[in-house]
Amino acid sequence: MVRLATLQRALTTAEASGSRMVVFDEGPVFALAWLRGFGHDMLRGEASELWWRATLRDWAAVMDVVVVVEANDALLARRIRTRPHGHEVKGFSDPEIVAWMARFRGALSWVLDGLTAEGGPTVLRVTTDREPPEILAERVGAALDRITYDD
């Protein structure tokens, strides 16, 4: 929740300085999905419903596009295990990583659906296990060019 407040301040600062675009890697959508999937149980219950509604509404109002970068479970497991820095599931078995990813994907879908219901961002999905990064970058760039942004 602190991370989300910090990101909101970063957007406000960027907007005040005249920036028209702010790109986050592991930004508000990631934070919201992680809270929904792995945060305290209270965050998946009725007690937090008003907070979720307000938070999704607030973020939907300031985001134009979310690019979801996807890969199959086997590729993700391999990438997690071979990255130089830690990851909470790096030492997990393949079935444990698959279960963790399913939980995260479910939470991510819940968040994206909530943002969409609030009139939120366009969601672009790209899959990294079928095309090289250069082609994916071209496809994302072309898709972004076709989107009408709010000023």
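What comes next is a walk through the structure. All residue numbers refer to positions counted from 1 along the written sequence of the respective chain. Residue-level local features of this predicted model are given only where pLDDT is at least 70; pairs of side-chain atoms are given and counted only at 80 or more, and the full residue set underlies all totals for whole chains, interfaces and linings. Hydrogens and water molecules were not included; the side-chain quantities draw on all heavy atoms of the structure.

The rule is short: rings of Phe, Tyr and Trp, with Trp giving its six-membered ring, pair when the centres are within 6.5 Å, and they are stacked under 30 degrees, edge-to-face over 60, tilted in between. Following the criterion strictly, the structure yields 6 aromatic pairs and no others. With a centroid separation of 6.1 Å and an interplanar angle of 40 degrees, the aromatic rings of Trp 34 and Phe 38 are classed as tilted. Here Trp 34 and its partner Phe 38 are both found in helix H2 (residues 28-38), 4 residues apart, which amounts to about one turn of the helix. Overall, the relative accessible area of 30% leaves Trp 34 in the partly exposed class. For Phe 38, a relative accessible area of 16% puts it in the buried group. A centroid spacing of 5.0 Å and a plane angle of 80 degrees characterise the contact between Trp 52 and Trp 110, whose relative ring orientation is edge-to-face. Of the two residues, Trp 52 sits in helix H3 (residues 49-60) while Trp 110 sits in helix H5 (residues 94-117), which places them 58 residues apart along the sequence. Cluster of aromatic residues (ring-pair linked, three or more members): Phe 30, Trp 34, Phe 38, Trp 100 and Phe 104. Strands are runs of DSSP state E lasting at least two residues, helices are runs of H or I lasting at least four, and both sets are numbered from the N terminus onward. Remark: exposure states derive from per-residue accessible area (1.4 Å probe, protein chains only) relative to the maximum for the residue type, with buried under 20%, exposed over 50%, and partly exposed in between.

Time to look at the environment of Pro 132. By the element assignment, Pro 132 lies in the loop between strand E2 (122-127) and helix H6 (133-145). Looking at Pro 132, the relative accessible area reads 41%, which means it is partly exposed. Separated by 48 residues in the primary sequence, Pro 132 and Pro 84 have C-alpha atoms spaced 21 Å apart.

On to the packing of helix H1 (residues 2-16) against H2, then. The angle between the axes and the distance between the axes are what describe a pair of packed helices. Comment: axis = line fitted to C-alpha atoms, over the contacting stretch for helices; angle = value between 0 and 180 degrees taken between N-to-C directions. Running from N to C, H1 and H2 cross one another at 165 degrees; their axes reach a closest spacing of 10 Å. In this view, H1 runs roughly antiparallel relative to H2, as classed from their interaxial angle. Where H1 crosses over H2, the two elements pack in a sense that is left-handed. Judged by residue contacts, Arg 3, Leu 4 and Leu 7 of H1 engage Pro 28, Phe 30, Ala 31, Leu 32 and Leu 35 from H2. Residues are grouped as follows: nonpolar covers Ala, Val, Leu, Ile, Met, Phe, Trp, Tyr, Cys and Pro; charged covers Asp, Glu, Lys and Arg; every other residue, Gly included, is treated as polar. In the contact of H1 with H2, the residues fall into 7 nonpolar, no polar and 1 charged. The labels follow the angle: roughly parallel below 35 degrees, roughly antiparallel above 145, roughly perpendicular from 65 to 115, and oblique for the rest. Crossings are classed by handedness, with left-handed meaning an anticlockwise turn of the near helix from the far one by less than a right angle and right-handed meaning a clockwise turn. We call two residues in contact whenever any of their non-hydrogen atoms come within 4.5 Å of each other.

Turning to its location among the elements, Arg 36 is positioned in helix H2. None of His or the chain ends enter the tally, which takes Lys and Arg as positive and Asp and Glu as negative. A carboxyl oxygen of Asp or Glu within 4 Å of a side-chain nitrogen of Lys or Arg is what we treat as a salt bridge. Here Arg 36 sits buried without a salt bridge, and the closest side chain of opposite charge, Glu 49, lies 8.4 Å off (N-O distance). With residues up to four places along the chain from it excluded, the contact list for Arg 36 reads Leu 43, Arg 44, Trp 52, Ala 107, Trp 110 and Val 111.

Our focus in this paragraph is helix H4 (residues 73-82). The set of residues buried in H4 consists of Leu 75, Leu 76, Ala 77 and Ile 80. Looking at the buried residues of H4, the elements they touch are H5. A 3.5 Å cut-off defines polar contacts: any pair of N or O atoms within that distance qualifies, except that in protein one atom must be a possible hydrogen donor and the other a possible acceptor, and neighbouring residues in sequence count only when both atoms are side-chain atoms. The opening residue of H4 is Asn 72, an N-cap whose side-chain oxygen sits 3.1 Å from the backbone nitrogen of Ala 74.

Across soluble globular proteins, you tend to see nonpolar side chains buried next to one another. Among buried residues, the Ala, Val, Leu, Ile, Met, Phe, Trp, Tyr and Cys ones that are joined through side-chain atoms within 4.5 Å form a nonpolar core. With 31 residues, the main nonpolar core has Val 29, Trp 59, Val 111 and Leu 115 as its most contacted residues. Elements supplying a minimum of two residues to this core: H1, H2, H3, strand E1 (65-70), H4 and H5. Sorting elements by how many residues they give to this core places H5 first, with 8 residues. In this view, Leu 115 contacts Val 29, Leu 56, Trp 59, Ala 60, Met 63, Gly 120 and Pro 121; residues no more than four positions away in its chain are not counted.

Time to look at the packing of H2 against H5. Axis separation between H2 and H5 bottoms out at 8 Å; the angle between their running directions is 120 degrees. In terms of orientation, H2 lies oblique with respect to H5. Crossing angle aside, the handedness with which H2 passes H5 is right-handed. Between H2 and H5, the residues in contact are Val 29, Phe 30, Leu 32, Ala 33, Trp 34, Arg 36, Gly 37 and Phe 38 and Trp 100, Arg 103, Phe 104, Ala 107, Leu 108, Trp 110, Val 111, Leu 112 and Leu 115, respectively. Split into classes, the residues belonging to the contact of H2 with H5 amount to 14 nonpolar, 1 polar and 2 charged.

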